[in-house]
Amino acid sequence: MRTQVAIIGAGPSGLLLGQLLTRAGIDNIILEQRTGDYVLSRIRAGVLEQGTVGMLEEAGVADRLHREGLVHDGFLISFANRSHRIDLPGLTNGKTVTVYGQTEVTRDLMDARATSNAQTIYEAENVEIHDFDTTNPVIHFTHQGVAQTLECDFVAGCDGYHGPSRKSVPVGAIKEFERVYPFGWLGVLADVPPASHELVYANHERGFALCSMRSLTRSRYYVQVALDEKVEDWSDSRFYTELRARLPEDIAAGVVEGPSIEKSIAPLRSFVAEPLRFGRLFLAGDAGHIVPPTGAKGLNLAASDIRYLFDALVEYYAEKSEAGINDYSARALRRIWKAERFSWWMTKTLHHFPADSGFDQRIQLAELDYLASSVAASTAVAENYVGLPY
Ligand code: APR
Ligand code: PHB
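Basis of the calculations
Residue numbers here run from 1 along each chain, matching the order of that chain's written sequence. Working convention: letters from A go to chains and numbers from 1 go to ligands, in the order in which they are written. Thresholds applied to this predicted model are a pLDDT of at least 70 for local features of residues and 80 or more for the giving and counting of side-chain atom pairs; totals over whole chains, interfaces and linings are not thresholded and use all residues. The side-chain figures draw on all heavy atoms in the structure; neither hydrogens nor water molecules are used. Accessible area is worked out with a 1.4 Å probe on protein chains only. A residue is then buried under 20% of its type maximum, exposed over 50%, and partly exposed in between. Where helices and strands are cited, they refer to DSSP runs of H or I of at least four residues and of E of at least two residues respectively, numbered from the N terminus. When we speak of the arc, we mean the arc of directions from the helix axis to the C-beta atoms. Contact definition: two residues touch when any of their heavy atoms are within 4.5 Å. Each salt bridge in this description consists of a side-chain nitrogen of Lys or Arg and a carboxyl oxygen of Asp or Glu lying within 4 Å of one another. Strands are treated as partners if at least two bridges between them are detected by DSSP. Nearness is defined per residue: one heavy atom within 4 Å of the molecule or strand is enough. Whenever a nitrogen or oxygen atom comes within 3.5 Å of another N or O atom, the pair is scored as a polar contact, on the condition that within protein one atom can donate a hydrogen and the other can accept it, and that pairs from neighbouring residues in sequence are kept only if both atoms are in side chains. The method behind every accessible area is Shrake-Rupley, applied with a 1.4 Å probe, and residues are considered shielded solely by the protein chains displayed. Just so you know the grouping, Ala, Val, Leu, Ile, Met, Phe, Trp, Tyr, Cys and Pro go in nonpolar, Asp, Glu, Lys and Arg go in charged, and all remaining residues, Gly too, go in polar. To define axes, lines are fitted to C-alpha atoms, for helices over the stretch in contact only, and angles between the resulting N-to-C directions are given on a 0 to 180 degree scale. For this classification, under 35 degrees means roughly parallel, over 145 means roughly antiparallel, 65 to 115 means roughly perpendicular, and everything else is oblique.

By the burial criterion, the buried members of helix α3 (residues 50-58) are Thr52, Val53, Met55 and Leu56. Projection of α3 onto a plane perpendicular to its axis shows the buried side chains occupying an angular sector of 160°, all on one side. Those residues of α3 that are buried are in contact with α1 (12-23), β3 (47-48), α4 (63-68), β7 (97-99), α6 (102-115) and α10 (298-319). Just beyond α3, the residue with positive phi is Gly60, at close to 75°.

This next bit is on the pattern of salt bridges. Taken as a whole and judged by the stated rule, the model has 22 salt bridges. Between Asp108 and Arg64 there is a salt bridge; the shortest N-O distance is 2.9 Å. Taken together, the positions of Asp108 in helix α6 and Arg64 in helix α4 put the pair 44 residues apart, joining distant regions of the chain. Using a relative accessible area of 18% as the deciding quantity, one classes Arg64 as buried. Residue Arg166 is joined to Glu176 by a salt bridge in which the shortest nitrogen-to-oxygen separation is 3.2 Å. Highlighted residues: Arg166 in helix α7 (residues 164-167) and Glu176 in strand β12 (residues 175-190), separated in sequence by 10 residues. We classify Glu176 as partly exposed; its relative accessible area is 48%. The structure contains a network of salt bridges with shared partners spanning Arg64, Glu68, Glu104, Arg107 and Asp108.

Take the pairing of strand β15 (residues 218-225) next. Counting buried positions over the 8 residues of β15 gives 7, a clear majority of the element. Sheet analysis places β12 next to β15, joined by 7 bridges and oriented antiparallel. Residue pairing in the sheet places Gly184 in a bridge with Val225 of β15. As paired elements, strand β14 (residues 209-215) and β15 share 6 bridges and run antiparallel to each other. When the bridges of β15 are listed, Ala209 appears paired with Val223.

Once that is clear, we can look at the site of ligand 1. What surrounds ligand 1 is a group of 24 residues, the closest being Ser13, Glu32, Arg42, Gln102 and Asp286. Here Glu32 contributes a side-chain N or O atom positioned 2.6 Å from an oxygen atom of ligand 1. Note that an oxygen atom of ligand 1 is positioned 2.5 Å from one of the side-chain N or O atoms of Asp286. Taken by itself ligand 1 offers 710 Å² of open surface, and the protein chains cover 88% of this. Contributing elements (two or more residues each) for the shell around ligand 1: α1 and α10. The leading source of residues in the shell around ligand 1 is α10, at 3 residues. Classifying every residue of the shell around ligand 1 by side-chain character gives 9 nonpolar, 9 polar and 6 charged.

The subject of this paragraph is the side chain of Thr52. The topology assignment puts Thr52 in helix α3. We classify Thr52 as buried; its relative accessible area is 3%. Within the structure, Thr52 has its side chain in polar contact with the side chain of Asn300 (distance 2.6 Å). Those residues within four positions of Thr52 in sequence are excluded, and the remaining contacts are Asn300, Ala303 and Tyr390.

Across the sheet, which stays open at both edges, the 3 strands sit in the order β3-β7-β4 with antiparallel pairing between neighbours. Each edge of the open sheet carries a strand with a single partner, namely β3 and β4 (70-72). When β4 meets β7, the two strands line up antiparallel, connected through 3 bridges. Its bridge partner being in β7, Leu70 is matched across the sheet by Val99.

Now for unusual backbone geometry. Note the cis peptide between Glu274 and Pro275, where omega equals -10°. Structurally, Pro275 can be placed in the loop between β16 (260-274) and β17 (277-278). Its identity as a non-glycine residue notwithstanding, Glu123 has a phi of 55°, on the positive side. With respect to the element layout, Glu123 can be found in the loop between β8 (119-121) and β9 (124-130). If you check the backbone angles, Ala296 has positive phi at about 60° while not being a glycine.

The subject of this paragraph is the packing of helix α11 (residues 323-350) against helix α12 (residues 358-373). Put simply, α11 and α12 touch, their axes get as near as 9 Å, and they point 115° apart. By the criterion of interaxial angle, the relationship of α11 to α12 is roughly perpendicular. When α11 is examined against α12, the residues Trp345, Lys348, Thr349 and Leu350 are found in contact with a partner set consisting of Gln364, Glu367, Leu368 and Leu371. Residue composition of the contact of α11 with α12, by class: 4 nonpolar, 2 polar and 2 charged.

Now the structure itself:
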């Protein structure tokens, strides 16, 4: 088999790149370890920056997003039993975010790919990437028990944090930067109307809580928990009681209880690999970096990586220029580190850190009090939340 761009991973990064390439007439094949249904079963955040929406429009997959997505022009940060609203358009010259689940983005991309001629090989096993330091990289994999070889011009490593792309790089050629946080998020999805029509990020002495949504009839809630907590120990009623305890009274009063349709605990991590390009292998999305979910930057950062990578590949095929390819890593990393900073800041400002002293806790509350009283500080939050320019 041969293609121009071999894409490893059919998550949002790989599917978005594939769709853009196909529309630009650049041949690509996606190799995905799991089944399509498995990929769709993963529940993740759901706040899209305008730049991400623009990319999905360019990929021709934004019709349902425009019909069903909820445009939000603000969110609340609550602390000390008060709430501060971040007015997104008012602080960013009119920008907003769109609430639309990552699962739905993935489904729309999968549907579009299915109607194009582009090939996706699901359940591709034992993917190994070779010769990416030459102009003819080769990928070996097994499909339905048969060994296969895929030759290509470029490899896009869109295979998430645990995928083989980053691991193919010699240890001495890559640097990794990491912060692991001493807590996780227990999340519940339920078919009940959201407690608030805007998202609420709550700092509370019992721990962080978040009220989010997927639609006007489906809520997504989270509470910070210790890393050794077990999902089995959290009945729905215990969860809702804890959630309400961490919210300002008026918002807690709006929480409607309903049976959870998904409940899971996720750890929080910040991670960046440098560089993101090794000869003809590129890392994009979670393969190259992870953000904690506070701020919902994961999918949006994947989209901005794909913006830079797609432009670089188009430039290569249309103009025979390697300038964009040579610049990919540095360009992507500049934006990644800023989103890492924002996600880290949101995380450290809103969570209860078990080892923190009274001093640290007072500083946290002072930071939030300052945010609530300063247009400058609120503007900084707003412009990061809607997404920094590409
Ligand atoms: N071979 C082929 N595919 C693989 C392999 C492998 N050995 N290992 C992993 N994959 C696939 C995974 O099964 C998954 O479908 O790569 C895909 C990676 O998808 P994601 O983890 O969703 O990563 P990405 O597409 O970069 O999306 C980033 O997802 O994790 C969230 O917060 C993150 O929203 C962000 C988005
Ligand atoms: C979510 O809806 O799952 C969500 C929203 C905002 C975040 C994180 C997660 O910051």
